[in-house]
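The chain contents come next:
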Amino acid sequence: MSLPELTPGDVLQPAWRVSPRVRAIVSTRNGGVSLPPFGRWQAGVDQPGGLNLGFLSGDDPDSVVQNRARLMAFTGVSNAAWLKQVHGAEVVDASDVLAKARGGASVVEADACVTSEAGTICVVMIADCMPVLLCDAAGRAVGAAHAGWRGLAAGVIEKTAQRVAELAGTSADSLHAYLGPSIGPDAFEVGADVRDAFMNRVDGVEVAQRQATADAFIPREDAPGKYLANLPALARLRLQGIGVTQISGGDACTVTQRERFYSYRRDRVTGRMAAMIWLAD
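In this text the structure is predicted, and so the values were computed from the model without any measurement.

So what's going on with the overall build of the chain? Residues and values would help.
In terms of helices and strands, the chain carries eight helices and 17 strands. Rg of the C-alpha trace for the chain: 18 Å, near the compact-globule value of 19 Å for 281 residues, within the 12% margin. Considering only C-alpha atoms, the chain reaches an extent of 55 × 50 × 35 Å along its principal axes. Within the chain, buried positions represent 55% of all 281 residues. Of the contacts made within the chain by residues no fewer than 6 positions apart, 65% connect residues no fewer than 24 positions apart. Within the structure as shown, the chain displays about 12100 Å² of accessible surface, and the carbon and sulfur contribution to it stands at 49%.

Take a look at the structure:
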């Protein structure tokens, strides 16, 4: 059976007004070689052709290798700083990740990376957690953060933005941010511990910000102690808290848009997508 090649329709791209040096994409579940349950979803059936990029997902490793090769060929870049994500707030330099990989070291544990070097891709993988891509308008530095609720509460977005701003020689409030596909506000049920993790971070801040954080958690009337959490709204609040106002994206739900995205919350056994950002030569 002939499988489709990766095409521009198989990825998302930020609609931001920044230097053409800044390149960014988010892959979907489509355009690869993986078989069900890591395939593409068509006509209500999981079919061959999934672009699963996660080696730890349970997929055939050879398929993942082919999928990563397809994605890298699509970017036209050969260097990508793949991370071992641990739902934390560690930010690393993509060049250091690549240097360690060339030296045979284990995959670096972190949830965000940054770079000011052309031809080096910052990449994070997702399957419900939110990818946040950052750059300055002039295209001097970029970064990618993996923002699940734990990392988001721990400040991974703020730390990544600060590192990007430092590399670009500017301030965080001048950055552009793109919120990639994640579990949406109608699908993300959480417990009081998650709400508390965010509310504890806004103790002592202005009333409006504290109220906006509380408003991002809608109580479930049919499940006491449970809330529907708005991850994109929480990410926007954290960005706005450091002065970032040029924010786009945040409107694609991995759970409900089955034809486009993998979702761990929905399927458990599923693939992984990638959010990538880099500087062109």
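From this point on, the discussion continues.
Lay out the sheet that holds strand 2 (residues 22-27) with the relevant residues and their values.
The strand order across the open sheet formed by five strands is 1-2-17-9-6, and the pairing between neighbours is mixed. Strands at the two margins of the open sheet, each flanked by one partner only, are strand 1 (11-12) and strand 6 (79-81). One ladder, built from five bridges, connects strand 9 (residues 120-126) with strand 17 (residues 273-279); its direction is antiparallel. Bridge pairing links Val123 to Met276 in strand 17. In the packing of helix 1 (residues 61-75) onto the sheet, the strands contacted are strand 1, strand 2, strand 6, strand 9 and strand 17, and the crossing angle to strand 17 comes to about 30 degrees. With respect to the sheet, helix 2 (residues 94-102) is in contact with strand 6 and strand 9, its orientation differing from that of strand 6 by roughly 105 degrees.

I'd like a rundown of the sheet that holds strand 12 (residues 175-179), residues and numbers included.
With mixed pairing, six strands are arranged side by side in an open sheet as 7-8-11-10-12-16. Of all the strands in the sheet, just strand 7 (91-93) and strand 16 (246-249) have a single pairing partner and so form its edges. Going from strand to strand, the sheet's axes swing by 20 degrees on average, the running direction of each strand aside. In the sheet, strand 12 pairs with strand 16 via four bridges, with the strands oriented parallel. By the bridge assignment, Leu179 is partnered in strand 16 with Gly249. Against the sheet, helix 4 (residues 156-168) engages strand 7, strand 8 (112-115), strand 10 (130-136), strand 11 (142-147) and strand 12, with an angle of about 175 degrees to strand 11.

Talk me through the nonpolar core; I want residue IDs and the actual numbers.
Grouped together as the largest cluster of nonpolar side chains are 39 residues, with contacts concentrated most on Val132, Leu152, Ile157, Phe217 and Leu239. Excluding residues that lie within four positions of it along the chain, Val132 makes contacts with Gly143, Ala144, Ala145, Ala147, Ile157, Tyr178 and Leu179.

Tell me about the pairing of strand 2, and please be specific about residues and values.
Within strand 2, five of the six residues are buried, which leaves it mostly tucked inside the rest of the structure. Across two bridges, the pairing between strand 1 and strand 2 is antiparallel. Its bridge partner being in strand 2, Leu12 is matched across the sheet by Val26. Both strand 2 and strand 17 contribute to a ladder of five bridges, which runs antiparallel. What sits directly across from Ala24, in strand 17, is Ile277.

So, the environment of Gly31: which residues are in play, and what are the values?
Inspection of the secondary structure puts Gly31 in strand 3 (residues 30-34). You can call Gly31 buried: its relative accessible area is 0%. For Gly31 and Ala112, which are 81 residues apart along the polypeptide, the C-alpha to C-alpha distance reads 25 Å.

How would you summarise empty space enclosed by the protein if you had to cite specific residues and measurements?
All chains considered together, the criterion is met by one cavity of 30 Å³ or more. In this model, the largest cavity occupies a volume close to 40 Å³. Listing elements by their share of the lining of the largest cavity, those giving two or more residues are helix 6 (207-215) and helix 7 (231-241). No other element matches the three residues that helix 7 contributes to the lining of the largest cavity. Considered class by class, the residues forming the lining of the largest cavity number four nonpolar, two polar and two charged.

Tell me about the pairing of strand 15 (residues 226-229), residues and numbers included.
As judged from the three bridges shared by strand 13 (residues 189-191) and strand 15, these two strands associate in the antiparallel manner. Along strand 15, the bridge assignment pairs Gly191 with Lys226. Pairing between strand 14 (residues 217-219) and strand 15: three bridges, direction antiparallel. Residue Ile218 lies in a different strand from strand 15, and its bridge partner there is Leu228. Hairpin connection between strand 14 and strand 15: a loop of six residues separates the two successive antiparallel strands, and Gly225 in this loop has a positive phi of roughly 85 degrees.

Let's hear about the pattern of salt bridges: which residues, and what values?
Here the structure, examined in full by the defined rule, presents eight salt bridges. Among the salt bridges present, the one from Lys84 reaches Glu109, with a minimum N-O distance of 3.6 Å. Taken together, the residues span a long stretch of sequence, with Lys84 in the loop between strand 6 and strand 7 and Glu109 in the loop between helix 2 and strand 8 at a distance of 25 residues. Taking relative accessible area as the criterion, Glu109 reaches 46% and is therefore assigned partly exposed. For the salt bridge of Arg220 with Glu189, the shortest nitrogen-to-oxygen distance reads 2.7 Å. In this pair, Arg220 sits in the loop between strand 14 and strand 15 while Glu189 sits in strand 13, placing the two residues 31 residues apart along the sequence. The class for Arg220 is partly exposed, based on a relative accessible area of 25%. With a relative accessible area of 30%, Glu189 lands in the partly exposed category. Among the charged side chains, a salt-bridge network with shared partners connects Glu189, Arg220 and Asp222.

The rules behind each value
- Residues numbered from 1 in each chain as written.
- Predicted model: local features only at pLDDT ≥ 70, side-chain atom pairs only at ≥ 80, totals over all residues.
- Heavy atoms only, no water.
- Helix = DSSP H or I, 4+ residues; strand = E, 2+ residues; numbered from the N terminus.
- Rg over C-alpha atoms; globule rule 2.2 N^0.38 Å.
- Buried < 20%, exposed > 50% of the residue type's maximum accessible area, 1.4 Å probe, protein only.
- Contact = heavy atoms within 4.5 Å.
- Areas by Shrake-Rupley, 256 points an atom, 1.4 Å probe, with all protein chains shown as cover.
- Pairing = 2+ DSSP bridges.
- Axes fitted to C-alpha atoms, helices over the stretch in contact; angles between N-to-C directions.
- Core = buried A, V, L, I, M, F, W, Y, C linked by side-chain atoms within 4.5 Å.
- 1 Å grid on protein atoms, 1.4 Å probe; cavity = no way out; pocket = protein on both sides within 12 Å on 5 of 7 lines; lining within 4 Å.
- Points joined across faces, edges and corners; volume = space filled by probe spheres on them.
- Nonpolar A, V, L, I, M, F, W, Y, C, P; charged D, E, K, R; others polar.
- Salt bridge = Lys/Arg side-chain N within 4 Å of Asp/Glu carboxyl O.

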